[in-house]
Amino acid sequence: NPSAENLHAWGVAQLLVGDLDAAIEDLEEAVQQRAGDARLLSDLAAAYLARAALPDRSDDFTRALSFAERAARADPGSAEALFNRALALEKLSLLEQAR
């Protein structure tokens, strides 16, 4: 059942075992179904942050920042979204904004 809830859970599981491409694919599909879900957006940002650490994937820091900012707008009190946003900003050498 490819519901947003199931895709989210499966995407997070794939992230935890290190299958980053599959995690991002499933989390992106879940976001298409529930675009305003802060937790889902933040988890997708975390997946992009994880993949950005791989060689030749630094462009994923920008994607991570975009999803983290969407998550923070959806839920301004989300510590996870704010953490992911700060981490992405730091990795993009935007240290003052990260603080």
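See the structure above.
Owing to the predicted nature of the structure, the values given are computational and were not obtained by experimental measurement.

Undergrad: Would you mind going over unusual backbone geometry with me for this structure?
TA: Most peptide bonds take the trans configuration, and most residues that are not glycine carry a negative phi. Positive phi, normally seen in glycine, also occurs at aspartate 56, with a value near 65°. Note on aspartate 56: relative accessible area 77%, which makes it exposed. For serine 93, which is not glycine, the phi torsion reads 65° and is therefore positive. The topology assignment puts serine 93 in the loop between helix H5 (79-91) and helix H6 (95-98). Overall, serine 93 belongs to the exposed group, its relative accessible area being 60%.

Undergrad: Just checking my understanding: could you explain the side chain of histidine 8 for this structure?
TA: Structurally, histidine 8 is set in helix H1 (residues 4-16). For histidine 8, a relative accessible area of 4% puts it in the buried group.

Undergrad: What is the right way to look at the pattern of salt bridges in this model?
TA: Overall, the coordinates contain nine salt bridges when judged by the stated rule. Here arginine 99 makes a salt bridge to glutamate 96, at a shortest N to O gap of 3.0 Å. A relative accessible area of 72% means that arginine 99 is categorised as exposed.

Undergrad: For this particular structure, what's the right way to read the packing of helix H3 (residues 38-52) against H5?
TA: Two quantities define a packed helix pair, namely the angle between the helix axes and the distance between the axes. Running from N to C, H3 and H5 point in directions that differ by 30°, and their axes come no closer than 9 Å. Considering the angle they form, H3 stands roughly parallel to H5. Taken as a pair, H3 and H5 cross one another with a handedness that is left-handed. Facing H3, whose interface residues are Ser42, Ala45, Ala46 and Leu49, H5 presents Glu80, Ala81, Asn84, Leu87 and Ala88.

Undergrad: Just checking my understanding: could you explain H3 for this structure?
TA: Note: α-helices contain 3.6 residues per turn, so residues at a spacing of three or four share the same orientation. In this model, H3 (15 residues) spans 21 Å end to end at C-alpha, consistent with the 21 Å of a helix rising 1.5 Å per residue. Most of H3 is tucked away, with eleven of its 15 residues classed as buried. Residues Ala38, Leu40, Leu41, Ser42, Leu44, Ala45, Ala47, Tyr48, Leu49, Arg51 and Ala52 constitute the buried set of H3. Looking at the packing, one finds that the buried side of H3 touches H1, helix H2 (20-33), helix H4 (60-74) and H5. Sitting at the head of H3, aspartate 37 places a side-chain oxygen 3.0 Å from the backbone nitrogen of arginine 39.

Criteria and thresholds
Residues numbered from 1 in each chain as written. Predicted model: local features only at pLDDT ≥ 70, side-chain atom pairs only at ≥ 80, totals over all residues. Heavy atoms only, no water. Buried < 20%, exposed > 50% of the residue type's maximum accessible area, 1.4 Å probe, protein only. Helix = DSSP H or I, 4+ residues; strand = E, 2+ residues; numbered from the N terminus. Salt bridge = Lys/Arg side-chain N within 4 Å of Asp/Glu carboxyl O. Axes fitted to C-alpha atoms, helices over the stretch in contact; angles between N-to-C directions. Parallel < 35°, antiparallel > 145°, perpendicular 65-115°, else oblique. Left-handed = near helix turned anticlockwise from the far one by under 90°. Contact = heavy atoms within 4.5 Å. Expected span 1.5 Å × (residues − 1). Polar contact = N/O pair within 3.5 Å; in protein donor to acceptor, adjacent residues only side chain to side chain.

Keep in mind that these numbers describe shape and distance, not what the molecule does.
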